[in-house]
Amino acid sequence: MAGSFDPGTPIVYRPPKVPDWRDISVWLRLHAAPEAVDAAAQVDSRDAASVTRLRRRFDADLVSAAMELAEARRKAVAKFVRAGELWCDVAGVEQASGERVASWKAGRMREVLAADAAVLDLCCGIGGDAIAMANAGLRVTAVDLDSRRAWMTARNAGCRTLVADVESIELGGAVIHADPARRDEGGGTRSWSLDDHRPGREWIERAMRETRAAAIKFSPGVDRRELSSSSAEWEYIEDSGRLLQAVAWCGAFTQRVGSTRATALSGDSTASLIGTPDSEREDRISVVQVLESGQWISEPSPALERAQFLTEAAAGRAAEIERGLGLVASGSRLPQPWFEGFIVVDECVAREDAIAAVLAQQRCSLPQRQVRLRRHLNRE
């Protein structure tokens, strides 16, 4: 009988699906509600009473998205001058290329390409790289599988965006920048393994072979030996002393096939060094036999160390203290920004009173923060 039911059958209620704050529909509503954006920016998320008052004015999903935007913009200040204008979420900001790094890469791309050249920014995220490429005069089309992120990039970079699986994009003859995902956003975990990248190793290697020009962004911890392509130029980029990313430059973007580059950005200055890693050199830097007073002990910059450029940067003036330790000894100060150096003024036994005596002789004091070091020395 139509409309009848068996009273012995349990009824399961399934409420209609309501978008949570991550849904693009919520962000579209937030974009149309600047008063919610402004109100959330004034609220401390740790203050439950303030958040409760905000929820009385706006619905819960809108408040959650607005609070996420406010926190993301605060975090974005460290990376972007226009942080307060960006449409972004916290994870998107953390994954995005900062302004200086993105501008450096976009400038290199612009040197190769003509004005208004078409570039695909694949896995665009919130658009950190797309912004820089557009500012460099390139015609960017940004692609992301997440419709919310594609929408954010459209707002932030003012470029055309597509919601698509990048593995469906035709790569033959294309010019691309790609940032394969290497984080599980559900659990927040990151991975350096190429097998955990999305898109994965097979697509990455195809992109390196088939495109006219490609810049593929990786974590600086990536093991490039896992990739079969040997035609790329690898660049390790640091900003203000922090190693941030590795880039595989392929096709027309390659300046020297199979080479390695270290780049250090800081403020308005840029230093870049291209050469052969220590592990591939017959004239690799030697190991010091004796450390003496008057010598300099230097620590290489993160990009230099990751590129294995001790031999290249020291130019015959230094020796490693121990293979792989990351410290070198020299008779004079080594060039900045590649090395931070300290001169050896004296030698003593590893005992607190002996170290204190040497410091007193040098008119220095043992800082309070070195208490842990003192205890460690005593245990030794």
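Just so it is clear, the structure is predicted and the values come from calculations on it, not from any experiment.

**Quick look at the sheet that holds strand 4 (residues 175-178)**
Then step 1. Spatially, 9 strands are ordered 3-2-1-4-7-9-8-10-11 in an open sheet, and the strand pairing comes out mixed. Among the strands making up the open sheet, the edge pair consists of strand 3 (160-163) and strand 11 (269-275). Neighbouring strand axes in the sheet, compared pairwise and without regard to direction, differ in orientation by 20 degrees on average.
Then step 2. Alignment of strand 7 (residues 213-218) against strand 9 (residues 242-251), held across 6 bridges, turns out to be antiparallel. In the strand pairing of strand 9, Ala 214 is matched with Cys 250.
Then step 3. Most of the contacts of helix 9 (residues 201-210) go to strand 7, to which it runs at about 145 degrees, and overall it touches strand 1 (118-122), strand 4, strand 7 and strand 9.

**A short note on the state of the cysteines**
Then step 1. As enumerated under the stated definition, the model contains 0 disulfides in all.
Then step 2. The thiol of Cys 123 is not disulfide-bonded; the next cysteine sulfur, from Cys 124, is found 8.1 Å away.

**So, the packing of helix 2 (residues 34-41) against helix 4 (residues 60-76)**
Then step 1. Two elements in contact, helix 2 and helix 4, have axes separated by 8 Å at closest approach and are oriented at 60 degrees. Taken as axis vectors, helix 2 and helix 4 run oblique relative to one another. Of the two possible hands of crossing, helix 2 and helix 4 adopt the one that is right-handed. Mapping the contact onto sequence places Ala 36, Val 37, Ala 40 and Ala 41 in helix 2 and Leu 62, Ala 66, Met 67, Leu 69, Ala 70, Arg 73 and Arg 74 in helix 4.
Then step 2. Considering only residue class, the contact of helix 2 with helix 4 consists of 9 nonpolar, no polar and 2 charged.

**Looking at the layout of surface pockets**
Then step 1. Estimates place the volume of the second largest pocket at around 480 Å³.
Then step 2. Per element, the largest residue contribution to the lining of the second largest pocket is 3 residues, and it comes from helix 12 (residues 352-361).
Then step 3. Along the lines of polarity and charge, the residues of the lining of the second largest pocket split into 12 nonpolar, 1 polar and 3 charged.

**Some thoughts on the nonpolar core**
Then step 1. The biggest cluster of nonpolar side chains holds 57 residues, and the ones touching the most others in it are Trp 27, Leu 30, Leu 54, Trp 87, Leu 138 and Phe 253.
Then step 2. The dominant element in this core, judged by the number of residues it contributes, is helix 4, at 8 residues.
Then step 3. Sequence-distant contacts of Trp 27, defined by excluding residues within four places in its chain, comprise Trp 21, Arg 22, Ala 65, Glu 68, Leu 69, Trp 87, Cys 88, Arg 148, Trp 151 and Met 152.
Then step 4. Counting residues in hydrophobic clusters, the runner-up holds 44 residues, among them Phe 218, Ile 285, Phe 309 and Leu 334.

**With respect to the packing of aromatic side chains**
Then step 1. Counted by the stated rule, this structure contains 4 aromatic pairs.
Then step 2. Taking the centre distance of 5.4 Å and the plane angle of 70 degrees together, the rings of Trp 87 and Trp 151 count as edge-to-face. Linking Trp 87 in the loop between helix 4 and helix 5 (90-95) with Trp 151 in helix 8 (residues 147-157), this pair joins segments that are 64 residues apart in sequence.
Then step 3. Relative accessible area serves as the criterion here: at 11%, Trp 87 is assigned to the buried category.
Then step 4. Assessed through its relative accessible area of 11%, Trp 151 is described here as buried.
Then step 5. The ring centre of Trp 87 lies 5.3 Å from the NZ or CZ of Arg 73, which sits over that ring.
Then step 6. Lying over the aromatic face of Trp 249, Arg 108 brings its terminal NZ or CZ to 4.3 Å of the ring centre.

Definitions and cut-offs
Residues numbered from 1 in each chain as written. Predicted model: local features only at pLDDT ≥ 70, side-chain atom pairs only at ≥ 80, totals over all residues. Heavy atoms only, no water. Pairing = 2+ DSSP bridges. Helix = DSSP H or I, 4+ residues; strand = E, 2+ residues; numbered from the N terminus. Axes fitted to C-alpha atoms, helices over the stretch in contact; angles between N-to-C directions. Contact = heavy atoms within 4.5 Å. Disulfide = S-S within 2.5 Å. Parallel < 35°, antiparallel > 145°, perpendicular 65-115°, else oblique. Left-handed = near helix turned anticlockwise from the far one by under 90°. Nonpolar A, V, L, I, M, F, W, Y, C, P; charged D, E, K, R; others polar. 1 Å grid on protein atoms, 1.4 Å probe; cavity = no way out; pocket = protein on both sides within 12 Å on 5 of 7 lines; lining within 4 Å. Points joined across faces, edges and corners; volume = space filled by probe spheres on them. Core = buried A, V, L, I, M, F, W, Y, C linked by side-chain atoms within 4.5 Å. Buried < 20%, exposed > 50% of the residue type's maximum accessible area, 1.4 Å probe, protein only. Phe/Tyr/Trp six-rings, centres within 6.5 Å; stacked < 30°, edge-to-face > 60°. Lys NZ or Arg CZ within 6 Å of the ring centre and 35° of its normal.

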